[in-house]
Amino acid sequence: DAGVTQSPTHLIKTRGQQVTLRCSPISGHKSVSWYQQVLGQGPQFIFQYYEKEERGRGNFPDRFSARQFPNYSSELNVNALLLGDSALYLCASTEQGALRLYEQYFGPGTRLTVT
Amino acid sequence: AQKVTQAQTEISVVEKEDVTLDCVYETRDTTYYLFWYKQPPSGELVFLIRRNSFDEQNEISGRYSWNFQKSTSSFNFTITASQVVDSAVYFCALSGRRGAQKLVFGQGTRLTINP
């Protein structure tokens, strides 16, 4: 079975631009979470979606938004990019919904560089 | 607030040595979950173990073992007879029962196994 997939693998953007990152969860997984990992640090939680609804949000500005589609894939959007948004963006999927805590399976991430 | 501390930034040992990675956590939740993830150079986070707060039994899986001590809020990870393939960054993470699937990660420990 395919794992969590993310696209694109790498991305270079300029300050002020907008970016959309994509994630496809493991088949059968209905919950998707997004994390930002700045170089040298641990991942930080951005969003969690289950059944197309936002179930959790981390301490990130409104420039960050996300959505989940009927096929449970998800997009993370970041507007007005800043240099500090340069990071590895990780997507994770979970078998159960928002109220159950099961192992999260992570994708390979999208490396975003803002210049 | 929840917090995970991995005081060891980097560890370097010679192959076949035993190595222990420390993890200390803070939470006010009575029900919580602890995790260890491995992040090889490829960037993908690999799930290793999940422990809930009611289960303090130590666990062994091959060369890996985990020591959960609620009294000291620690969840340490030991690799026995280390191998070069164990080289990676290891993250300890915490999730509360009410936090949906928001994982709080430590800063990570970079483990280098030298041949």
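Attention here is on the structure that accompanies the text. Keep in mind the model is a prediction, meaning the values are calculated, not measured. (Residues numbered from 1 in each chain as written. Chains lettered and ligands numbered in written order. Predicted model: local features only at pLDDT ≥ 70, side-chain atom pairs only at ≥ 80, totals over all residues. Heavy atoms only, no water.)

### Notes on the overall build of chain B
Secondary structure assignment for chain B yields zero helices and twelve strands. Start at the N end of chain B and walk to the C end: the helices and strands fall as β-β-β-β-β-β-β-β-β-β-β-β. Its C-alpha radius of gyration of 14 Å places chain B within 12% of the 13 Å reference for a compact globule of 115 residues. For chain B, the spread of C-alpha atoms along the principal axes amounts to about 45 × 30 × 20 Å. Per-residue burial for chain B yields a buried fraction of 47% across its 115 residues. Long-range pairs, those at least 24 residues apart, make up 55% of the contacts in chain B between residues at least 6 apart in sequence. When the accessible surface of chain B is split by element, carbon and sulfur atoms take 46% of a total near 5800 Å². Separation of charge centres in chain B, based on 12 positive and 12 negative side chains, amounts to 9 Å. (Helix = DSSP H or I, 4+ residues; strand = E, 2+ residues; numbered from the N terminus. Rg over C-alpha atoms; globule rule 2.2 N^0.38 Å. Buried < 20%, exposed > 50% of the residue type's maximum accessible area, 1.4 Å probe, protein only. Contact = heavy atoms within 4.5 Å. Areas by Shrake-Rupley, 256 points an atom, 1.4 Å probe, with all protein chains shown as cover. Lys, Arg positive; Asp, Glu negative; His and termini not counted. Charge placed at Lys NZ, Arg CZ, Asp CG, Glu CD.)

### A few points about the nonpolar core
Residue and element names in this part refer to chain B. Formed by 25 residues in total, the largest nonpolar core has its most connected members in Trp36, Trp66, Phe75, Phe77 and Tyr90. Counting only elements with at least two residues in this core, the list comes to β2 (10–14), β3 (19–21), β5 (32–39), β6 (46–52), β8 (64–69), β9 (74–79), β10 (88–96) and β12 (109–114). Considering every element that reaches this core, the biggest residue donor is β10, with four residues. (Core = buried A, V, L, I, M, F, W, Y, C linked by side-chain atoms within 4.5 Å.)

### Let's talk about the pairing of β12(B)
Residue and element names in this part refer to chain B. Along β12, the buried face is formed by Thr109, Leu111 and Ile113; none of Arg110, Thr112 and Asn114, which line the opposite face, is buried. As defined by bridge partners, β2 adjoins β12 across five bridges and the pair is classed as parallel. Across the sheet, Glu10 pairs through a bridge with Arg110, a residue of β12. (Pairing = 2+ DSSP bridges.)

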